[in-house]
Amino acid sequence: MDFEFTPEEEMFRETVREFAQKEIRPYVREMDETGKFREGLIKKMADLGLLGITIPEKYGGPGGNFTLACIAAEELARADLSIAIPVFFLVEASWAWVFARHGTEEAKQEILPKVCKGEYFFGIATTEPAGGSDIVGNTRTTIKPKGDKYVVNGEKVYISGVNESMTVMKGRYFTTAYMNKAAKPKYKGITAFICPVEKGIPGLTPTLFEDWGRMAISTGGFALDNVEIPKHWIIGDPTRGFIYSMEGFSAARVIIGATCIGSALGGLEIGKEYIKQRKSFGKELARYEGITFPLADWYSRLEGDRLVVQKAAWLLDQVNAGNTKYNHLDAALWCAMAKLRGPIDAFAILNEVADWHGAFAYTKECPLDLGIRGVRSYSIGAEGGMNIMRLIIARELLGKQYVPYDRQ
Ligand SMILES: Cc1cc2nc3c(=O)[nH]c(=O)nc-3n(C[C@H](O)[C@H](O)[C@H](O)COP(=O)(O)OP(=O)(O)OC[C@H]3O[C@@H](n4cnc5c(N)ncnc54)[C@H](O)[C@@H]3O)c2cc1C
C-alpha cells in the first residue's frame, strides 16, 4: 500500500493550485453575481490542459487519468468554493471520456479536439421532466432512424451548461433516448448519442432555470422536436446506452466527491485563520472546545472522505488500464460512496464553519455562502440523488436480487 502521490501528481497539484488561486479565487464572487465565467478563463484552462483532462492525446486531450482529474477538481474547488468552475471541469472529464471510449472515430475527431480547446462544451443530458433517478423507466425521449439520419423527440431538463452552449461556446451532449421501447430487458432499448446544443438547430428549443448556486454555470434544458442527428453521432452499440451512462455516472461521481472535498477544505482553511484571530470573552475562538472539537471531528471525517475518493479514482484507473482483478461494478460501488459522502459532509462542514464566523458569515464579504449553495446541488441530486447512491451501494453489498425496483 502506498499513500503517496507520485512526484508528477504532486507537481500537477501545485500547478493547478497556483493557477486556481491566482486566476479563479479572486473572481469567484464576481462570477457568482454575474452568472458568467470570467472572460478568458476557459481559454486559460484549455492552455493548462484542464478541459477534457481524460481525453486521449490522439483527440487533442492531455490523456490524464481519474487520479489526476480528482486532484485538479479538489484544487479548483478549494479556490472556487461555489464549485461552478469544477462542475464545468468534471462534467467534461467524465462524459467526454465515455464518448472517447465508445463514440465513432469520425465523431471523436470532429468533436473532442474542440472540447479540449474550449470551443465546445461537452455535457450530459439524461434527466427529463418526469424524473431523473429512474432514467430507464422514465425516459420519454425517443430516437428513430430516418433515411441516413436519426430524429429525436422529447425533452431534457436540469441540464448543466445550456446557456454557455447557446452563447459563448457550442454544446455537444451525451444524451439518451429510447430507440426500442419493446426491448427486454428494458435498458437495452436505450441508445446514447450526441445531441448538438447551439443556436440555430432546427427543432431544438432551450430553456433556462433560475437556480441558486454555482451561478457561473447555468442549469437549463432543451425540448427536441424532430431534431436530426447524423448516424455517426450514435455512441457505440445502440443497445448499450444505459451501460455507457452508468460508466459516465461513476466517472462523474468520483470527481464530484473530490470537488465537494475541495470546497470544504477551502472553507476549513478560511475558518482556521478566522478563529485564530477573532476574539470573544477575551480569548481567540481557537481556544474554545466548542469551536475546535467540531474542527477536529470534521477534519477527520474529511480526510476519510478523501481516502474514499482516492481509492475510487484508483479503481477506475485500474479498470481502464485493463486490470482484470477489478470490474466496473467495483468502481461503481466506490464512486457511489465518494458521491454519498463528499456532498453531505462538505455541506455540513461549510455550515459549521459559517457558525464560527458569526454575522460576518451572513454577508457577501464572506465566501461561505458560495460553498453552501454550491455543494448542496450534489446532495440534492445532480448526477444522482443520495438515495440512488445508497441503492447502488446496497445492491453491491446484497446482490441484484434485492434491488427494490423492477429489473425488466
Ligand atoms: C444543479 C443541478 C444540475 C444538474 N445537471 C444535470 C445535467 O447536466 N444533466 C442531467 O441529465 N441532469 C442534471 N441534473 C439532474 C439530476 O441528475 C437529477 O436531479 C437527479 O438524477 C434526480 O432526479 P430528479 O431531480 O428528477 O429527482 P427524482 O428522480 O424525482 O427523485 C426525487 C427524490 O427521490 C429520491 N428517490 C428516487 N427514487 C428513489 C428510491 N427508489 N428510493 C428512495 N429514494 C428515491 C431521489 O434520491 C430524490 O431525493 C442536475 C440537477 C441539479 C440540481
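Just so you know, these numbers come straight off a predicted model, no measurement behind them. (Residues numbered from 1 in each chain as written. Predicted model: local features only at pLDDT ≥ 70, side-chain atom pairs only at ≥ 80, totals over all residues. Heavy atoms only, no water.)

> Give me the lowdown on the overall build of the protein, citing residues and values where you can.
Summing up its helical and strand segments, the protein has 13 helices and nine strands in all. In summary, the protein has a C-alpha radius of gyration of 21 Å against a globular reference of 22 Å for 408 residues, a match within 12%. Summarising its shape, the C-alpha atoms of the protein cover approximately 80 × 50 × 40 Å along the three principal directions. Of all 408 residues assigned to the protein, the portion counted as buried reaches 55%. (Helix = DSSP H or I, 4+ residues; strand = E, 2+ residues; numbered from the N terminus. Rg over C-alpha atoms; globule rule 2.2 N^0.38 Å. Buried < 20%, exposed > 50% of the residue type's maximum accessible area, 1.4 Å probe, protein only.)

> Describe in detail the domain arrangement of the protein, supporting the description with residues and values.
Domains assigned within the protein are domain 1 (7-119), domain 2 (121-233) and domain 3 (245-402). Here domain 2 and domain 3 have C-alpha centroids that lie 29 Å from each other. Between domain 2 and domain 3, the contact holds ten residues from the first and eleven residues from the second. Both faces considered, domain 2 and domain 3 share a buried interface measuring about 770 Å² in area, 64% of it formed by carbon and sulfur atoms. Contact with domain 3 buries area across many residues of domain 2, yet Ser133, Trp212 and Arg214 alone supply 59% of it, more than any other trio. If you look at where domain 2 meets domain 3, you find zero salt bridges. Along the contact surface separating domain 2 from domain 3 lie two residue pairs in polar contact (both at pLDDT 80 or more). Partitioning the side of domain 2 that touches domain 3 into residue classes produces five nonpolar, four polar and one charged. (Domains from an automatic or database assignment. Contact = heavy atoms within 4.5 Å. Buried area = accessible area lost by both parts, 1.4 Å probe. Salt bridge = Lys/Arg side-chain N within 4 Å of Asp/Glu carboxyl O. Polar contact = N/O pair within 3.5 Å; in protein donor to acceptor, adjacent residues only side chain to side chain. Nonpolar A, V, L, I, M, F, W, Y, C, P; charged D, E, K, R; others polar.)

> Which residues make up a negative patch on the surface, and what values do they have?
On the surface, Asp2, Glu4, Glu10, Glu14 and Glu18 cluster together to form a negatively charged patch. Looking at where glutamate 4 falls in the secondary structure, it is placed in the segment before helix H1 (7-23). With relative accessibility at 64%, the residue glutamate 4 sits in the exposed group. (Patch = residues over 30% accessible without salt bridge, like charges linked within 9 Å, V, L, I, M, F, W, Y side chains within 5 Å. Areas by Shrake-Rupley, 256 points an atom, 1.4 Å probe, with all protein chains shown as cover. Lys, Arg positive; Asp, Glu negative; His and termini not counted. Charge placed at Lys NZ, Arg CZ, Asp CG, Glu CD.)

> Help me get a handle on the environment of serine 133, residues and values and all.
Here serine 133 is to be found in the loop between strand E1 (120-125) and helix H7 (135-138). For serine 133, a relative accessible area of 54% translates into the label exposed. When the C-alpha positions of serine 133 and leucine 315 are compared, they lie 24 Å apart, and in sequence the two are 182 residues distant.

> Tell me about helix H11 (residues 328-356), and please be specific about residues and values.
Each full turn of the α-helix corresponds to 3.6 residues, which orients residues three or four apart in the same direction. With 29 residues, H11 extends 42 Å between its outermost C-alpha atoms, agreeing within 8% with the 42 Å of an ideal straight helix rising 1.5 Å per residue. Among the residues of H11, the N-terminal cap falls to asparagine 327, whose side-chain oxygen and the backbone nitrogen of leucine 329 are separated by 2.8 Å. Phi turns positive one or two residues past the end of H11, at glycine 358, with a value near 55°. (Expected span 1.5 Å × (residues − 1).)

> Can you explain the side chain of serine 377? Please cite residues and give values.
Along the chain, the position of serine 377 falls in helix H12 (residues 368-380). Using a relative accessible area of 17% as the deciding quantity, one classes serine 377 as buried. A distance of 2.8 Å separates polar atoms of two side chains, one belonging to serine 377 and the other to arginine 214. Side-chain polar atoms of serine 377 contact the backbone oxygen of glycine 374, separated by 2.8 Å. If we ignore the near neighbours within four places in the chain, the residues touching serine 377 are Ile83, Arg214 and Ala382.

> Talk me through the pairing of strand E2 (residues 142-146); I want residue IDs and the actual numbers.
Walk down a regular strand and you will see the side chains alternate between the two sheet faces. In terms of strand pairing, E2 meets strand E3 (residues 149-160) through five bridges, oriented antiparallel. Bridge pairing links threonine 142 to asparagine 153 in E3. (Pairing = 2+ DSSP bridges.)

> I'd like a rundown of the site of the ligand, residues and numbers included.
Among the 19 residues in the neighbourhood of the ligand, the closest are listed as Ile124, Thr126, Thr127, Ser133 and Tyr158. Residue threonine 127 places a side-chain N or O atom 2.7 Å away from a nitrogen atom belonging to the ligand. Within the side chain of serine 133, a nitrogen or oxygen atom sits 2.6 Å from an oxygen atom of the ligand. Of all the secondary-structure elements, those providing two or more residues to the shell around the ligand are E1, E3 and helix H13 (386-398). Taken together, the residues of the shell around the ligand break down into seven nonpolar, ten polar and two charged. Taken together, domain 2 (121-233) and domain 3 (245-402) each give at least three residues to the shell around the ligand, which thus spans both. (Near = heavy atom within 4 Å.)

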